[in-house]
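# Report on the structure
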Amino acid sequence: GGETMFKQFKIDLLNAKEAERIVMEVLQTLSGDTYTYTNVSENKECWHKGDILCEDKIYYCRNYIDVKDDSCISRTGNILAEDRVYYEDDGIFIDGFMKTAKYDYVAYVSKADNKIYMLDFQLWKKNYKREGKFKEIPHPRQITYAYLMSLNRAKELGIVVAEIDYAANDGCYYPTSINKAA
């Protein structure tokens, strides 16, 4: 059991690599020497904490950022909160990231419109069921049970803490504008 789940995880990991690089390069440029960013996505101990460790060099605080590569966000205007996943081959339900993760922030990367949406994960976690719309999403060999919340509603609730536009030049990613939540 669990073979399908593991294959899907490996595919997701490969797709996420570019998104992780985009977030790291853009945030490093924005923060200058104040923070260091380390990719910890390969570290098993960090899988429920996030993909990127952000360390404040002045106050020595640490935050974990999970990176989600989202191809639908530009078209739908929604963020997806994964509640549970059913793996048909194995006949098992697994709790989704909203139940298992210990992220501080989530960075949703929309490559279609070159945007990064930074979300306060704990605030999102408190509101995703009440404010989101339940949706059953069938995939080949699995079903995702999720809650969709509009980006606008997430902004109203203070869940979206920043919206960053980025561009690429010679294979490097850099911010072009940032809109921080009030």
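Look a little higher up for the structure.
Below: a short report on this structure.

Rules of the game
Residues numbered from 1 in each chain as written. Predicted model: local features only at pLDDT ≥ 70, side-chain atom pairs only at ≥ 80, totals over all residues. Heavy atoms only, no water. Pairing = 2+ DSSP bridges. Helix = DSSP H or I, 4+ residues; strand = E, 2+ residues; numbered from the N terminus. Axes fitted to C-alpha atoms, helices over the stretch in contact; angles between N-to-C directions. Buried < 20%, exposed > 50% of the residue type's maximum accessible area, 1.4 Å probe, protein only. Phe/Tyr/Trp six-rings, centres within 6.5 Å; stacked < 30°, edge-to-face > 60°. Lys NZ or Arg CZ within 6 Å of the ring centre and 35° of its normal.

## Here we look at the sheet that holds strand E5 (residues 92-95)
- Spatially, the four strands line up as an open sheet ordered E5-E4-E9-E8, and their pairing is antiparallel. On the outer flanks of this sheet lie E5 and strand E8 (133-139), each paired with one strand and no other. Strand-to-strand twist across the sheet, computed as the mean angle between neighbouring axes with direction ignored, equals 30 degrees.
- The pairing of E8 with strand E9 (residues 142-150) spans seven bridges and is antiparallel. Opposite Phe-134, over in E9, you have Tyr-147 as the bridge partner.

## A few points about the sheet that holds strand E1 (residues 35-39)
- Strands sit in the order E1-E2-E3-E6-E7-E10-E11 across an open sheet of seven strands; the sheet is mixed. Looking at strand neighbours, the two that pair on one side only are E1 and strand E11 (172-180), the edges of this open sheet. Along the sheet, successive strands turn relative to each other by an average axial angle of 25 degrees, direction set aside.
- Note: strand E7 (residues 115-120) against strand E10 (residues 160-169), five bridges, orientation antiparallel.

## Here's the deal with the pairing of strand E3 (residues 62-69)
- Across four bridges, strand E2 (residues 52-56) lies against E3 in antiparallel orientation. Bridging from a neighbouring strand, Glu-55 pairs with Arg-62 of E3.
- Counting the residues between successive antiparallel strands, the hairpin from E2 to E3 contains five residues, one of them, Tyr-60, with a positive phi of roughly 60 degrees.
- As judged from the five bridges shared by E3 and strand E6 (residues 105-110), these two strands associate in the parallel manner. The partner of Asp-69 across the bridge, within E6, is Val-109.

## Brief notes about the pairing of E2
- Counting buried positions along E2 yields four of five residues, so the element is predominantly enclosed.
- Sheet analysis places E1 next to E2, joined by five bridges and oriented antiparallel. Residue Thr-38 lies in a different strand from E2, and its bridge partner there is Leu-53.

## Some remarks on the packing of aromatic side chains
- Here the structure, examined in full by the defined rule, presents twelve aromatic pairs.
- Seen in terms of ring centroids, Phe-134 and Tyr-145 are 6.3 Å apart; in terms of plane orientation they differ by 15 degrees. Their pairing is stacked. Here Phe-134, found in strand E8, pairs with Tyr-145, found in strand E9; they are eleven residues apart in sequence, far enough to count as distant.
- Tyr-145 gets classed as buried once you look at its relative accessible area, which sits at 16%.
- Judged by centre distance (6.0 Å) and plane angle (75 degrees), the rings of Tyr-166 and Tyr-173 are edge-to-face.
- Note on Tyr-166: relative accessible area 5%, which makes it buried.
- Given the relative accessible area of 12%, Tyr-173 is considered buried.
- Every member of this aromatic cluster is reached through a ring pair, and the members are Tyr-86, Phe-93, Tyr-128, Phe-134, Tyr-145 and Tyr-147.
- Here the basic side chain of Lys-68 rests over the ring of Phe-97, its NZ or CZ set 3.8 Å away from the ring centre.

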